[in-house]
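# Residue-level structure breakdown
Each chain, letter by letter, is given below.
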Amino acid sequence: MTQSTDRKVAIICSKAGLDEAYPALILANAARQSGIEAFIFFTFWGLDVITEKKVDHLHVNMAGNPASPMPTMLAGLPGMEAFAAHRMKKSMEELSLPSAREMIEILADAGAELYACELAMQMFKRKPEDLLPQVKEVITAGDFYDLADGAQIIFT
Amino acid sequence: MNKEFTTITERLDTVLEQLAYLTERQRKQEELIAELTPIAKLALGTATEKLDQLDQQGYFAFGKELVEVAKKVIEGFSPQDVHELGDAVVQILQAVRAMTQPAVLAVAADASSVMDDAAAVKPLGMFGMVRATRDDDVQKGMAIMIEVLRRIGHGANAVAEKSKQLEDKKAKLQLALGSRKQKKPLGIERKRLTAGTPAAPRPAPAAQASCAVPAGPQPSAAVIDGIAYTADGHLVDATAWTRRLGETLAQMQGVTLTDAHWAVLEAARADYETTAVSPNIRRLTQIANVTTKDLYALFPKAPGRTIAKIAGLPKPAGCL
């Protein structure tokens, strides 16, 4: 299959639910595997995915999700979120899907660049040392557009 | 002679009298017209003004609308509907009479008076609703509403039953008379085209291990030097691969093979021979003792696919 050689994707990850973070990570990885340049811009709750203390505790929210088998009335009860996250992590393990931390490592090794949003960092009072070492830089939305020049932008 | 003259004179007198009378009448008519003209003008002016006033008050617009409504009614109802309406009119009138009994109207008026002081009514929550049911009047009202609901349900059931009976009758009639379609065709009998030609059975879906596994052998798109390639540039037959071919393929991919490259390629081929699945990057990191970083360093552009191409394996599956 012939592909244009200079393809590039810019992925914006603004949420940190398992169901919201993985698509961004997988898409970036698949892009690298297909020889496409890729970078991810983590903003708002997405910062959790690249935060040292949070990355191993990503959850999944079933409340208000009409596709989930759990009724919203139940999904809002305490413990339900942890239960759902546990179940989802288990099925990911069965597929031998890498953990979020591993995915970040793989991405960095594969040459995908990871960026954190400056404004979100200030809002959540995060310091650059709170982030995973794979994060290349803390940038602004304007910098994002400079980086994304000529790229296809994906928002997850 | 004298007598004749007298007669003529008398006649002339009569004519003169008549003339005078006619003249007088003409004069009177002219006077009348002269007097009437201003009055008529005035009257016409008033009439125009009046009509204009009516128009301003919207009488004509109303009339026009009324015509429109009538048109809609005529368009919306068929003569059949009107006929049925005629049958029901007695019931409608009875219902209207029942509804317009003074007692009923008084209840309605009293109920609607709530609307007048709606501002004073406080909003009611779920618990408020439960509390309100303790009120005797509310209980009575609720009972009446329930009774009304019961009767509506009863009526609806009756209607449904009636239409079902009608359906049953039709079905019975059909059974007795036999459907036209079931009867044998007259004349030359021939097989119906649709009968006896079942649709070709669908090919059973190939069992797929995970997403995007190429099912079965891929069709060859090109044959170069006796070796068949798929449209993606992978070998159609992995057993046709030789080390020499691998070197050629690597050159085509722009990769200069070193020992490190060969280690990965051989691991990939060995894995394919045991599992019959072309390894993806994650699998390669597990079997070939290399890191993801190494793989991207050795095969910078799309390592998984490039390795598979050079090693003569099918396109690797999966998203990792």
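All figures in this text were calculated on a predicted structure; none of them were measured in a lab. (Residues numbered from 1 in each chain as written. Chains lettered and ligands numbered in written order. Predicted model: local features only at pLDDT ≥ 70, side-chain atom pairs only at ≥ 80, totals over all residues. Heavy atoms only, no water.)

Scanning chain B from terminus to terminus reveals 11 helices and two strands. For chain B, the N- to C-terminal ordering of α and β elements is α-α-α-α-α-α-β-β-α-α-α-α-α. Counting over 320 residues, chain B shows a buried share of 16%. For chain B, the accessible surface area stands at approximately 26,400 Å², while carbon and sulfur atoms represent 62% of it. (Helix = DSSP H or I, 4+ residues; strand = E, 2+ residues; numbered from the N terminus. Buried < 20%, exposed > 50% of the residue type's maximum accessible area, 1.4 Å probe, protein only. Areas by Shrake-Rupley, 256 points an atom, 1.4 Å probe, with all protein chains shown as cover.)

Moving on to the side chain of Arg282(B). Relative to the helices and strands, Arg282(B) is located in helix H9 (residues 281–287). By relative accessible area, Arg282(B) is classed as buried at 16%.

Where the residue is not glycine, phi is negative for most of them; where a peptide bond is considered, it is trans in most cases. The phi torsion at Lys125(A) lies on the positive side, around 55°, for a residue other than glycine. Its place among the elements puts Lys125(A) in the loop between helix H5 (118–123) and strand E4 (137–139). A relative accessible area of 70% places Lys125(A) in the exposed class. Located in the positive-phi region is Ala276(B), a residue other than glycine, with phi close to 65°. Looking at the secondary structure, you find Ala276(B) in the loop between helix H8 (259–275) and H9. For Ala276(B), a relative accessible area of 58% corresponds to the exposed category.

The next subject is the confidence of the model for chain B. All names here are of chain B. Of all residues in chain B, 87% have pLDDT values of 70 or greater, and the mean over the chain is 82. Every residue in residues 195–201 is under pLDDT 50, and counting partners more than four places away or in other chains gives zero contacts. Per-residue pLDDT stays below 50 along residues 203–213; that stretch engages in eight contacts with residues further than four places along the chain or on separate chains. (pLDDT = per-residue confidence, 0-100. Contact = heavy atoms within 4.5 Å.)

Chain B puts 16 residues into the contact, and the matching count from chain A is 17 residues. Around 1,400 Å² of area is buried between chain B and chain A when both sides are counted, 47% of it from carbon and sulfur atoms. Our enumeration of links across chain B and chain A arrives at one salt bridge. Glu102(A) is paired through a salt bridge with Arg282(B); the nearest N and O atoms lie 4.0 Å apart. Along the contact surface separating chain B from chain A lie four residue pairs in polar contact (both at pLDDT 80 or more). Contributing elements (two or more residues each) for the side of chain B that touches chain A: H9, helix H10 (292–298) and helix H11 (303–310) of chain B. Residue contributions to the side of chain B that touches chain A peak at three residues, all from H10(B). (Buried area = accessible area lost by both parts, 1.4 Å probe. Salt bridge = Lys/Arg side-chain N within 4 Å of Asp/Glu carboxyl O. Polar contact = N/O pair within 3.5 Å; in protein donor to acceptor, adjacent residues only side chain to side chain.)

Attention now moves to the nonpolar core. With 51 residues, the main nonpolar core has Leu25(A), Ile40(A), Phe42(A), Val49(A), Ile50(A), Ile104(A) and Phe144(A) as its most contacted residues. Every element with two or more residues in this core is listed here: strand E1 (8–13), helix H1 (18–33), strand E2 (37–42), helix H3 (80–94), helix H4 (100–109), strand E3 (113–117) and H5 of chain A. Considering each element in turn, this core owes the most residues, eight residues, to H1(A). Ile50(A) has contacts with Phe42(A), Ile104(A), Tyr115(A), Ala116(A), Asp130(A), Leu131(A), Leu132(A) and Val135(A), leaving out every residue within four places of it along the chain. Listed in part, the 28 residues of the second largest apolar core include Leu235(B), Leu265(B), Ile281(B) and Tyr296(B). (Core = buried A, V, L, I, M, F, W, Y, C linked by side-chain atoms within 4.5 Å.)

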